[in-house]
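# Working through the structure, step by step
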Amino acid sequence: MIIRQRPLHPIPSSEITPKSVFDDRRRVLKTLGFGGLAATMPLWLPGPAEAAWRPTEGKALSGTPHPKYNAQVLGQEPASLEVVSTYNNFYEFGLGKGDPAEHAGKFKTTPWTIKVEGAVEKPGTYDIDDLIKAEDIEDRVYRFRCVEAWSMVVPWLGVPLAKVIKRLNPTSKAKYVYFETVFDPDQMPGQRRPTLEWPYKEGLRMDEAMNPLTLLAVGVHGQVMPNQNGAPIRLIVPWKYGFKSIKSIVLMRFVEKEPPTSWSVANGREYGFYSNVNPNVSHPRWSQATEKKIGLNNIFGLPIRQPTLMFNGYEEEVAAMYAGMDLRKFF
Amino acid sequence: MNKETRLNWVFKPLVHAAALGPLVWLIWLGLGGQFGPNPAEFINRYTGDWAIRFLLIALAVTPLRGITGLALVMRFRRLLGLYAFFYVLLHVSSYVALDQYFAWGAIWQDIVKRTYITVGMLAMVILTALAVTSPKAMVKKMGGRNWQRLHKLVYVAAIAAPVHFFMMRKGFQIEPLVYGGIAGLLLAYRAGVWIRAKARTRAARADAQTA
């Protein structure tokens, strides 16, 4: 497989917008009028702004189909958009599977910025349009396995996280990446209850974050990400249980030590930092050997039950990262 | 209309209608295709919720009589308990049939290995025993004292059900705690009555001795 890397554009620090101006760019833009546009250009854009990938009208979004991660190669049809967008967990919007679809309708995702900090050469608060480039977006069909023993085949639209991270130049001290979901109890009713420690926290080891499989997803099924699925930007780590794929990200921090994650803080006995899909290691309360494939029904109209695959079927791509590790201990 | 006809022709049908309401609603949702992409989960949660609710409703009858003095409610206690068992049956059947597709091996593994299923099954076994021994003929056959002793097991089920619910959920969730709290209150009422009765008999005995 050929992976083409777009050359980075080195920018002398003298040309980098001061952070104070950058953070305040909307007001600055308004004050300066259009003349100020050039002065507040996003960090690595060489020329005038390209068309934003986030459509202002409608929801259509497309990406380059992946030669390997597509429905043909995977051998199963993706769950429909209706299924993907009406059956999921997003505790910030309620505990039922249908709650996110019901309560996330008014969630505001524009404007959206992501704060980048820690062991990184280009910290700052980035507009999502500056982090995600329309031409980088890929269409990848992945298996998605929830820790609750259900799964789905989902066609995500997103950019490899590695691509974004490389542009941010993490330093040698960056051993892990830590993510946070937005904290906004006014918009997220679930955050008014102590179900988990809010905001939602997740993390990946650097090699996991840089693995070509790991995506920053901004869409699904040819559409921008529905609010209930973690709009506008979420992680997809297909060889790990779904809760690792943090939604509505507002913070990326590069750190030296393994960061705390919401579920391991809530119950470290049941949810580990790694949480790799593993049919041989049971959840203390249920078996992980099989899964229900939501969206793929048997003749009775009920989801089929199938064996769970090691690393959710991505063993070839990821097993080497865990060589020599006891996966029962580092679950 | 005398009291007995009113009971049999008005109140009892009303209680049956109310108790079958959740089932009718479930069927209605199913006919309308409202179960979502995972019908087994939907049905299982729904029937589990109602099983717990009816168990608590049945357990509320005695305190209700004690507090209000309304003796009539006692006539519905067995009926409500049987409805709790009815929803438990639906709950467990949906797990066996719709969730596990009758994979008995996997089901047995679940029962012995997964504490929350063990606890749930304990509640089911208890309610089954109580349902089987609920006819008046069984009370006679067993003798009132034995029958009562057996039926005290409902208190164990009242604790097991919310514990099962709490253990099944992820994170810190309030709903199972609410049910647990209600069960706690209903049991505390009984403990209070028992303690007071004990104190009274002790006092009576003391009186008898001094007299």
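What counts as what
Residues numbered from 1 in each chain as written. Chains lettered and ligands numbered in written order. Predicted model: local features only at pLDDT ≥ 70, side-chain atom pairs only at ≥ 80, totals over all residues. Helix = DSSP H or I, 4+ residues; strand = E, 2+ residues; numbered from the N terminus. Buried ≥ 20, exposed ≤ 12 C-beta atoms within 10 Å, placed from the backbone. Contact = placed C-beta atoms within 7 Å. Nonpolar A, V, L, I, M, F, W, Y, C, P; charged D, E, K, R; others polar. Core = buried A, V, L, I, M, F, W, Y, C linked by C-beta atoms within 7 Å. Pairing = 2+ DSSP bridges. Axes fitted to C-alpha atoms, helices over the stretch in contact; angles between N-to-C directions. Parallel < 35°, antiparallel > 145°, perpendicular 65-115°, else oblique. Left-handed = near helix turned anticlockwise from the far one by under 90°. Expected span 1.5 Å × (residues − 1). Bend = angle between axes of the 7 residues up to and from the residue. pLDDT = per-residue confidence, 0-100.

### Things to note about the overall build of chain A
A tally of regular secondary structure across chain A gives 10 helices and 13 strands. Looking at chain A as a whole, 44% of its 331 residues are labelled buried. Counted over contacts in chain A with a minimum sequence separation of 6, partners at least 24 positions apart contribute 69%.

### Considering the overall build of chain B
Tallying secondary structure elements over chain B gives nine helices and zero strands in all. The helix and strand sequence of chain B, counted from the amino end, reads α-α-α-α-α-α-α-α-α. Projected onto its principal axes, the C-alpha positions of chain B cover 75 × 50 × 35 Å. Residues classed as buried in chain B amount to 26% of the 211 residues present. Taking as baseline every contact in chain B between residues at least 6 positions apart, the subset at least 24 positions apart corresponds to 65%.

### So, the interface of chain B and chain A
Accessible area lost when the parts come together is the quantity often used to give the size of an interface. Across the contact, 15 residues belong to chain B and 22 residues belong to chain A. The residue makeup of the side of chain B that touches chain A, split by class, is nine nonpolar, five polar and one charged.

### Some remarks on the nonpolar core
Counting residues in hydrophobic clusters, the biggest one holds 74 residues, and the most contacted among them are V154, L216, A217 and V218 of chain A. If sequence neighbours within four positions are ignored, L216 of chain A has contacts with I132, G158, V159, L161, V164, I233 and L235 of chain A.

### Observations regarding the sheet that holds strand β6 (residues 176-181) of chain A
All names here are of chain A. The five strands lie next to each other as β3-β2-β11-β6-β7, forming an open sheet whose pairing is mixed. The sheet is open, and its two edges are formed by β3 (124-127) and β7 (201-205), each paired on a single side. Adjacent strand axes in the sheet meet at a mean angle of 20 degrees, parallel and antiparallel pairs treated alike. In this structure, β6 lies alongside β7, joined through five bridges in antiparallel fashion. The partner of E180 across the bridge, within β7, is K201.

### Concerning the pairing of β6 of chain A
Residues and elements named next belong to chain A. Counting buried positions along β6 yields six of six residues, so the element is predominantly enclosed. Where burial is concerned, the two faces of β6 agree: the one with Y176, Y178 and E180 and the one with V177, F179 and T181 are both buried. Relative to strand β11 (residues 249-255), β6 runs antiparallel, the two sharing six bridges. The residue of β11 that forms the bridge with T181 is I249.

### Side note on the packing of helix α2 (residues 39-68) of chain B against helix α9 (residues 174-210) of chain B
All names here are of chain B. One way to put it is that α2 packs onto α9 with a least axis distance of 10 Å and a crossing angle of 30 degrees. Of the possible angle classes, the one that applies to α2 and α9 is roughly parallel. Here α2 and α9 pass one another in a crossing that is left-handed. On the side of α2, the interface is formed by I52, L56, L59, A60, P63 and G66, while α9 contributes Y179, I182, A183, L186, Y189 and V193.

### Concerning α2 of chain B
Residue and element names in this part refer to chain B. When the terminal C-alpha atoms of α2 are compared, their 42 Å separation across 30 residues agrees well with the 44 Å that a helix rising 1.5 Å per residue should span. Within α2, the axis deviates most sharply at V61, by approximately 30 degrees, and proline P63 lies no more than four positions further along. Once α2 finishes, G69 follows within two positions and takes phi at roughly 75 degrees, a positive value.

### Describing the confidence of the model for chain A
Residues and elements named next belong to chain A. Per-chain confidence: chain A averages 87 in pLDDT, with 83% of residues scoring 70 or above. Confidence over residues 6-10 falls short of pLDDT 50; this stretch has three contacts with residues more than four positions distant or in other chains. Low pLDDT (under 50) marks residues 45-49, which in the prediction has one contact with non-local residues, meaning those over four places away or in another chain.

### Examining unusual backbone geometry
With omega at -5 degrees, the peptide bond leading from T110 of chain A into P111 of chain A counts as cis. Relative to the assigned elements, P111 of chain A resides in the loop between α5 (99-103) and β2 (113-118). Between W198 of chain A and the following residue, P199 of chain A, the backbone shows a cis peptide bond with an omega angle of -5 degrees. With respect to the helices and strands, P199 of chain A occurs in the loop between β6 and β7. A positive phi angle is found at A149 of chain A, which is not glycine, with a value near 70 degrees. Of note in the backbone geometry, Y101 of chain B takes a positive phi value of approximately 50 degrees without being a glycine. With respect to the helices and strands, Y101 of chain B occurs in the loop between α3 (77-99) and α4 (104-113). For Y101 of chain B, a count of 16 C-beta atoms within 10 Å puts it in the partly exposed group.

### Some details on the confidence of the model for chain B
Here chain B averages 92 in pLDDT, while 99% of its residues score no lower than 70. Both scores are available for the predicted complex, with the pTM at 0.81 and the ipTM at 0.76.

### Topic: the packing of α2 of chain B against helix α8 (residues 154-168) of chain B
Residues and elements named next belong to chain B. Running from N to C, α2 and α8 point in directions that differ by 145 degrees, and their axes come no closer than 10 Å. Of the two possible hands of crossing, α2 and α8 adopt the one that is left-handed. Contact residues: α2 offers I52, L55 and L59, while α8 offers V154, A157, A158, A161, P162 and F165. Residue classes in the contact of α2 with α8 are distributed as nine nonpolar, no polar and no charged.

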